Amino acid sequence: YLNESKTMTIGWRATCQCNAARVPATVLDPFMGAGTTLAVASMLGRRSVGYDLSVEYCKMASDRIGGPVMELV
């Protein structure tokens with residue numbers, strides 16, 4: 001599995017003066033496979049959504065990231 005690491009954003013600046021709360025990005029992975037992208041997104045404090053046509057890969061990704069699997073019929 002992936003090692004946990006610290007992250008630091010360098011050079012990011014707000015583009016407005018509204019002082020709105022920052023919302024973590026949501027990562028979309030339409031070919032999620034084993035869920036590596038979703039696992040990394042979670043480690044970086046982002047939300048993520050992934051899907052794959054393979055039920056086996058969806059189950060593998062769910063085991064890896066501890067998230068739910070929804071089967072579409």
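The structure presented is a predicted model; accordingly, all values stated were derived computationally and were not measured.

K.L.:
Can you explain helix 2 (residues 55-65)? Please cite residues and give values.
P.N.:
Within helix 2, the full set of buried residues consists of Cys58, Ala61 and Ser62. What you see down the axis of helix 2 is that its buried residues fit within an arc of 100°, all on one side. Across helix 2 from its buried face, at more than 90 degrees, point the exposed residues Glu56, Lys59 and Asp63. Once helix 2 ends, the next one or two residues include glycine 66, with phi positive near 70°.

K.L.:
I'd like a description of the environment of arginine 64, backed by residues and values.
P.N.:
Along the chain, arginine 64 falls in helix 2. According to the relative accessible area criterion, arginine 64 is partly exposed, its value standing at 27%. In this structure, the C-alpha to C-alpha distance between arginine 64 and alanine 34, residues 30 residues apart in sequence, is 7.6 Å. Within the local environment of arginine 64, its side chain forms a polar contact with the side chain of threonine 36, the two groups lying 2.6 Å apart.

K.L.:
Account for the layout of surface pockets, naming residues and giving values.
P.N.:
A volume near 610 Å³ is recorded for the largest pocket. Of all elements in the fold, only strand 2 (47-50) and helix 2 reach the threshold of two or more residues within the lining of the largest pocket. With six residues, the single largest contributor to the lining of the largest pocket is helix 2. Residue composition of the lining of the largest pocket, by class: 13 nonpolar, six polar and three charged.

Conventions we followed
- Residue indices begin from 1 for each chain and proceed along its sequence in written order.
- For this predicted model, a pLDDT threshold of at least 70 governs which residues receive local features, and a threshold of 80 or more governs which side-chain atom pairs are given and counted, while totals over whole chains, interfaces and linings are taken from all residues.
- With hydrogens and water set aside, each side-chain value is computed from the structure's full complement of heavy atoms.
- Any residue under 20% of the maximum accessible area for its type is buried, any over 50% is exposed, and the rest in between are partly exposed; the area is computed with a 1.4 Å probe on protein chains only.
- The helix and strand labels rest on DSSP assignments: H or I over at least four residues marks a helix, E over at least two residues marks a strand, and numbering proceeds from the N terminus.
- Regarding the arc, it is the one traced by the directions from the helix axis to the C-beta atoms.
- The definition of a polar contact used here is a pair of N or O atoms within 3.5 Å, where within protein one atom must be able to donate a hydrogen and the other to accept one, and adjacent residues in sequence count solely through side-chain atom pairs.
- Both site types are read off a 1 Å grid over the protein atoms alone. A 1.4 Å probe that fits but cannot get out defines a cavity, while an open set with protein on both sides within 12 Å along at least five of seven lines defines a pocket; lining residues have an atom within 4 Å of a point.
- Grid points are joined across faces, edges and corners, and a volume is the space filled by probe spheres set on the points.
- Residue polarity is assigned by list, with Asp, Glu, Lys and Arg as charged and Ala, Val, Leu, Ile, Met, Phe, Trp, Tyr, Cys and Pro as nonpolar; anything else, Gly included, falls into the polar class.

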